[in-house]
Amino acid sequence: MSKILISIENLSKIYDEHTIALKEINLKIKSGEWTSIIGPSGSGKTTLLNMVSCLDRPSSGLISIDGKNISNLSRTELTRFRREKIGLIFQQHYLVPYLTALENVLLPMYYNGDVQEDFAIQILNRVGMGHRLHSIPTKLSGGEQQRVCIARSMINKPQILIADEPTGNLDQKNGKKVLNLIKDLHDEGNAILLVTHNLEIAKLGDSILEIVDGKISSKNGRS
Ligand SMILES: Nc1ncnc2c1ncn2[C@@H]1O[C@H](COP(=O)(O)OP(=O)(O)OP(=O)(O)O)[C@@H](O)[C@H]1O
Ligand SMILES: [Mg+2]
């Protein structure tokens, strides 16, 4: 039996004192498990991903990842924890504007002190960006920038990949390439937390979690 990797207890998030985005969420995710998250717009999906990826703090409740209570970590500790464990593919991408595609992908490796340019080029090839290695973000289309972000999120082989509509801006062919990369990461034993409005993509997961109005309304699947 695989161990619990992410444990969420009574997690609530209230914005601006009155918008209750998440209401007492309880959830356990095993290591290596792919959980797809679906639900209407505004139901709290991105908010949940923000909490788990340590980008924002809960109003109340507990999140522990790999046995570590992340609510107690300082900002610096959170940043390091995220860099070591979590790959992020988010709706807004944050590429460094003055670095090339290749340099952006290499950046997380620099922080970890282990730069493998060949591997970065290999991943950029796999997202269909091998021909634009030396372009800066403003010279790339939105979907191309997203693919660079996806390559960057995978460069340190994260134990947890957190993805918010990762194929949302992509055409079918490139969407497929990205999904194949996510599948590979899952096959290598890493956990995936993926928000999608596409039920076919959601079904690729081990389980499907539905969030409605800030609460888990159902969880189906093999785990
Ligand atoms: N930074 C914020 N400040 C105030 N309210 C916010 C903030 N972020 C989200 N909200 C509100 O919290 C609720 C949940 O938003 P969230 O972004 O989690 O929805 P979502 O399920 O990801 O929707 P979508 O499918 O449209 O991306 C919404 O009512 C939203 O308006
Ligand atoms: Mg969202």
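For the structure, see preceding data.
Quick summary incoming for the structure in this document.

Thresholds, definitions, all that
- Residues numbered from 1 in each chain as written.
- Chains lettered and ligands numbered in written order.
- Predicted model: local features only at pLDDT ≥ 70, side-chain atom pairs only at ≥ 80, totals over all residues.
- Helix = DSSP H or I, 4+ residues; strand = E, 2+ residues; numbered from the N terminus.
- Rg over C-alpha atoms; globule rule 2.2 N^0.38 Å.
- Buried ≥ 20, exposed ≤ 12 C-beta atoms within 10 Å, placed from the backbone.
- Near = placed C-beta within 6 Å.
- Nonpolar A, V, L, I, M, F, W, Y, C, P; charged D, E, K, R; others polar.
- Contact = placed C-beta atoms within 7 Å.
- Axes fitted to C-alpha atoms, helices over the stretch in contact; angles between N-to-C directions.
- Parallel < 35°, antiparallel > 145°, perpendicular 65-115°, else oblique.
- Left-handed = near helix turned anticlockwise from the far one by under 90°.
- Pairing = 2+ DSSP bridges.

### Considering the overall build of the protein
Then, in step 1: When you go through the protein residue by residue, the secondary structure sums to seven helices and 10 strands.
Then, in step 2: Scaling as 2.2 N^0.38, a compact globule of 223 residues should have a C-alpha radius of gyration of about 17 Å, and the protein matches this with 17 Å.
Then, in step 3: Principal axes of the C-alpha set define a box for the protein whose edges measure 45 × 40 × 40 Å.
Then, in step 4: The 223 residues of the protein split such that 39% are buried.

### Considering the site of ligand 1
Then, in step 1: In the neighbourhood of ligand 1, the contacting residues comprise Tyr 15, Asp 16, Thr 19, Ala 21, Gly 39, Ser 41, Gly 42, Ser 43, Gly 44, Lys 45, Thr 46 and Thr 47.
Then, in step 2: Of all the secondary structure elements, the ones that give two or more residues to the shell around ligand 1 are β2 (19-30) and α1 (45-52).
Then, in step 3: Counting residues per element, the shell around ligand 1 draws most heavily on α1, at three residues.
Then, in step 4: For the shell around ligand 1, the class distribution of residues is two nonpolar, eight polar and two charged.

### Quick look at the environment of Thr 100
Then, in step 1: Relative to the helices and strands, Thr 100 resides in the loop between β6 (86-89) and α3 (101-112).
Then, in step 2: Considering only alpha carbons, one finds Thr 100 and Lys 45, 55 residues apart in sequence, at a separation of 31 Å.
Then, in step 3: Apart from residues no more than four positions distant in its own chain, Thr 100 is found in contact with Leu 133, His 134, Ser 135 and Ile 136.

### Concerning the packing of α3 against helix α4 (residues 117-126)
Then, in step 1: Close contact between α3 and α4 brings their axes to 10 Å; oriented N to C, the two are set at 120°. The orientation of α3 with respect to α4, classified from their angle, is oblique. Two packed elements cross with a definite hand, and for α3 against α4 that hand is right-handed. Here α3 contributes Ala 101, Leu 102, Val 105 and Leu 106 to the contact with α4, which in turn contributes Glu 117, Ala 120, Ile 121, Ile 123 and Leu 124.
Then, in step 2: For the contact of α3 with α4, a count of residues per class yields eight nonpolar, no polar and one charged.

### Some thoughts on the sheet that holds strand β1 (residues 4-15)
In a beta sheet, neighbouring strands pair by backbone hydrogen bonds and run either parallel or antiparallel.
Then, in step 1: Spatially, the four strands line up as an open sheet ordered β2-β1-β4-β5, and their pairing is antiparallel. The two strands at the open ends of the sheet, each matched to only one other strand, are β2 and β5 (68-69).

### Here's the deal with the sheet that holds β6
Then, in step 1: Strand order in the open sheet made by the six strands is β6-β7-β8-β3-β9-β10, with mixed pairing throughout. In the strand order of this sheet, the two ends are held by β6 and β10 (215-221), each with one partner. Adjacent strand axes in the sheet meet at a mean angle of 15°, parallel and antiparallel pairs treated alike.
Then, in step 2: Two strands pair when backbone bridges link them, and strand β3 (residues 34-38) and strand β8 (residues 191-195) are joined in this way by four bridges, in the parallel orientation. Residue pairing for β8: Thr 35 is matched across the bridge by Leu 193.
Then, in step 3: Of the strands in this sheet, β6 and β7 (160-164) touch helix α5 (residues 142-154), which is tilted by about 170° from β6.

### So, unusual backbone geometry
Then, in step 1: Of note, the phi angle at Asp 16 is positive, near 50°, even though the residue is not glycine.
Then, in step 2: In this structure, Glu 165 is a non-glycine residue whose phi angle is positive, near 50°.
Then, in step 3: Topologically, Glu 165 is positioned in the loop between β7 and α6 (172-187).

Scope: geometric values only; no functional claims are made or implied.
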